[in-house]
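As a plain string of letters, each chain reads:
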Amino acid sequence: MKTDIVIAGTGVAGLYCALNLPRDKKIIMVTKSDADDSDSFLAQGGICVLKDESDYDSYFEDTMRAGHYENNRESVEIMIRSSRDVIKDLISYGVEFEKNADGSFDYTKEGAHSTERILYHEDITGKEITRHLLSHVRKLENVTIIEHFTMVDIIAKDNRCYGIIGRNEDGEYTAIEAYNTVFATGGIGGLYKHSTNYRHLTGDALAISLKHGIKVENLDYIQIHPTTLYSTKRGRRFLISESVRGEGAVLLDKNMNRFTDELQPRDIVSNAIYKQMEKDGTPYVWLSMKPIPPETIKSHFPNIYKQCLKEGYDVTKDCIPVVPAQHYFMGGIWVDSDSKTSMDNLYAAGETSCNGVHGRNRLASNSLLESLVFAKRAAKAIGDTKPETGDAKIEIGDTKIYDNCKTEYKKAVFDEIERMEKIHGQDNNEIKCR
Ligand SMILES: Cc1cc2nc3c(=O)[nH]c(=O)nc-3n(C[C@H](O)[C@H](O)[C@H](O)COP(=O)(O)OP(=O)(O)OC[C@H]3O[C@@H](n4cnc5c(N)ncnc54)[C@H](O)[C@@H]3O)c2cc1C
């Protein structure tokens, strides 16, 4: 197959990139699962926005403080300054955010935010945004979406990318040649035993990058979400959004006493929970949503309310057992501020990339925004390039394809995470999650 641009991934990063590319370019999007099986659909809490100029310094400082001041200041500035345009775009696609009776936006707050600046749609903000983006992409005549097609490698020669190689469900390999390639393959949660991520998100683009010597950064910066519903069942863990704590929910030890400030950054709250679990000898701590009025629980968190009810907990009356789990990946494939990787004609956006916005730790509700802002910048940069003629003339047989992607990729990625942990002297909770 030949195309102008190939995008691996149909989450917010891939979809918004496609929507911002010139309509006269042929685009092929591939996804490992169904087009709507992405973490973007799972986002609960919301999406940050610069609500007015007076909040700029505070928003910037909150993002930097959460990231332990290791953030790339230029990327943070770009993200915050672009946020209002992105929200305008989303609204033009039909996305609805909660409003007050007077028609103004109803902003909410999450951990480590010093003020309310998060737009949300019930507790299914990701679904509201992503379903609208997907339906608009499906209408584009220049875009073809191929589902259940796993990118297993790229076509590369002399540090130049010429497209991807993928495998369909029948095990058949196909090369898709393209002038430009975009990695938008999301996070790495599928590599972990306990994660809130979809199981098929296994850091494939990262492993491919490691194989080809494409620059990666901070692979050991992995965010553990403090509160996922404790379960002994297999599969992904159900997230209890941080905005629940933002609205007043408290963490309790085995004697039902509070043991930490629930609104500190995620890494600090996760560590406090681990310490308490160790002290109490329990595999979880309790979360009480009782400080939140029942009608607010049902209107703001209907999905959490229903899911917990299914598991036997009425959160308007009962405490729920919660445990930290792998949640987000701050590191990734190094990109510049236009989302360009260290390999020519190869871009990366969304959770798989690392433009340094999040530093060592992501501020809640910054990731949907970051994915969208930098996916649009990738699209703009690609749109501005003039395609050269000629191709790599590489046959699939010329490139070594991993036979057992998941195992080989997992080893490659974890080897690199461990190497970086040694460099940074990290001793993170993620070890416990592997
Ligand atoms: C439970 C949960 C709640 C969250 N809540 C929030 C929130 O409230 N606010 C916020 O800002 N962020 C939140 N996040 C984080 C946010 O959802 C993600 O960071 C963001 O959606 C990532 O978007 P993406 O497009 O990079 O990746 P994804 O949406 O994960 O999409 C990845 C895509 O890549 C495809 N893919 C993967 N590997 C391959 C391959 N080898 N070949 C082909 N396709 C492949 C997948 O099939 C998928 O289509 C949450 C995350 C989770 C898990």
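Parameters at a glance
Residues numbered from 1 in each chain as written. Predicted model: local features only at pLDDT ≥ 70, side-chain atom pairs only at ≥ 80, totals over all residues. Pairing = 2+ DSSP bridges. Helix = DSSP H or I, 4+ residues; strand = E, 2+ residues; numbered from the N terminus. Axes fitted to C-alpha atoms, helices over the stretch in contact; angles between N-to-C directions. Contact = placed C-beta atoms within 7 Å. Parallel < 35°, antiparallel > 145°, perpendicular 65-115°, else oblique. Nonpolar A, V, L, I, M, F, W, Y, C, P; charged D, E, K, R; others polar. Buried ≥ 20, exposed ≤ 12 C-beta atoms within 10 Å, placed from the backbone. Domains from an automatic or database assignment. Near = placed C-beta within 6 Å. pLDDT = per-residue confidence, 0-100. Expected span 1.5 Å × (residues − 1). Bend = angle between axes of the 7 residues up to and from the residue. Core = buried A, V, L, I, M, F, W, Y, C linked by C-beta atoms within 7 Å.

Next up on the list: the sheet that holds strand 10 (residues 222-229). Sheet strands associate in pairs through backbone hydrogen bonding, adopting either a parallel or an antiparallel arrangement. Strands sit in the order 10-13-12-11 across an open sheet of four strands; the sheet is antiparallel. The two strands at the open ends of the sheet, each matched to only one other strand, are strand 10 and strand 11 (250-252). When the angles between neighbouring strand axes are averaged without regard to direction, this sheet yields 45°. Along the sheet, helix 7 (residues 266-280) contacts strand 10, strand 11, strand 12 (285-288) and strand 13 (320-329); its crossing angle with strand 10, the most-contacted strand, is approximately 60°.

Angle between the axes and distance between the axes are the two parameters that describe a pair of packed helices. At a minimum axis separation of 9 Å, helix 3 (residues 73-92) and helix 10 (residues 367-384) run at an interaxial angle of 85°. Here helix 3 lies roughly perpendicular to helix 10, going by the angle between them. Between helix 3, through Ile 78, Met 79, Ser 82, Ser 83 and Val 86, and helix 10, the contact on the second element is made entirely by Leu 369, Glu 370, Leu 372 and Val 373. A breakdown of the residues in the contact of helix 3 with helix 10 according to their chemical character gives six nonpolar, two polar and one charged.

Looking now at the sheet that holds strand 14 (residues 332-334). Ordered by their spatial adjacency, three strands build an open sheet running 9-14-16, and the pairing between neighbours is mixed. At either margin of the open sheet sits one strand with a lone partner, and together these are strand 9 (216-217) and strand 16 (353-354). Here strand 9 runs beside strand 14; their pairing, made up of two bridges, is antiparallel. Residue Glu 217 lies in a different strand from strand 14, and its bridge partner there is Gly 332.

This brings us to the pairing of strand 10. In terms of burial, strand 10 is largely enclosed, as eight of its eight residues are buried. Pairing geometry for strand 10 and strand 13, over six bridges, is antiparallel. For Leu 229, the partnering residue across the bridge sits in strand 13 and is Val 322.

This part covers the domain arrangement of the chain. According to the domain assignment, the chain contains domain 1 (2-221 + 330-433) and domain 2 (230-325). Counting residues at the interface gives 22 residues for domain 1 and 25 residues for domain 2. Looking at the side of domain 1 that touches domain 2 residue by residue, the class counts come to six nonpolar, 11 polar and five charged.

Looking now at the site of the ligand. Around the ligand sit 43 residues, and of these Gly 9, Gly 11, Gly 45, Gly 186 and Gly 350 come closest. Of all the secondary structure elements, the ones that give two or more residues to the shell around the ligand are helix 1 (12-20), helix 4 (125-139), strand 6 (149-157) and helix 10. A per-class count over the shell around the ligand returns 13 nonpolar, 25 polar and five charged.

The subject of this paragraph is the confidence of the model for the chain. The predicted model of the chain averages 91 in pLDDT, with 93% of residues at 70 or higher. Low pLDDT (under 50) marks residues 429-434, which in the prediction has 17 contacts with non-local residues, meaning those over four places away or in another chain.

Bringing helix 3 into the picture now. If you check helix 3, its first and last C-alpha atoms are 29 Å apart, about what 20 residues at 1.5 Å a residue would give, namely 28 Å. Bending of helix 3 peaks at approximately 45° at the position of Ser 83. Taken together, the buried positions of helix 3 are occupied by Ser 75, Val 76, Met 79, Ile 80, Ser 83, Val 86, Ile 87 and Leu 90. Its buried side turned inward, helix 3 meets strand 3 (47-48), helix 2 (56-66), strand 4 (118-119), helix 4 and helix 10. Downstream of helix 3 by a residue or two, Gly 94 has a phi angle that is positive, lying close to 105°.

Grouped together as the largest cluster of nonpolar side chains are 120 residues, with contacts concentrated most on Ile 7, Cys 17, Ala 349 and Ala 375. The element contributing the most residues to this core is helix 10, with nine residues. Shared between two domains, this core takes at least three residues from each, and those domains are domain 1 (2-221 + 330-433) and domain 2 (230-325). Setting aside anything within four residues of it in sequence, one finds Ile 7 in contact with Gly 14, Cys 17, Ala 18, Ile 27, Met 29, Val 182 and Ala 184.

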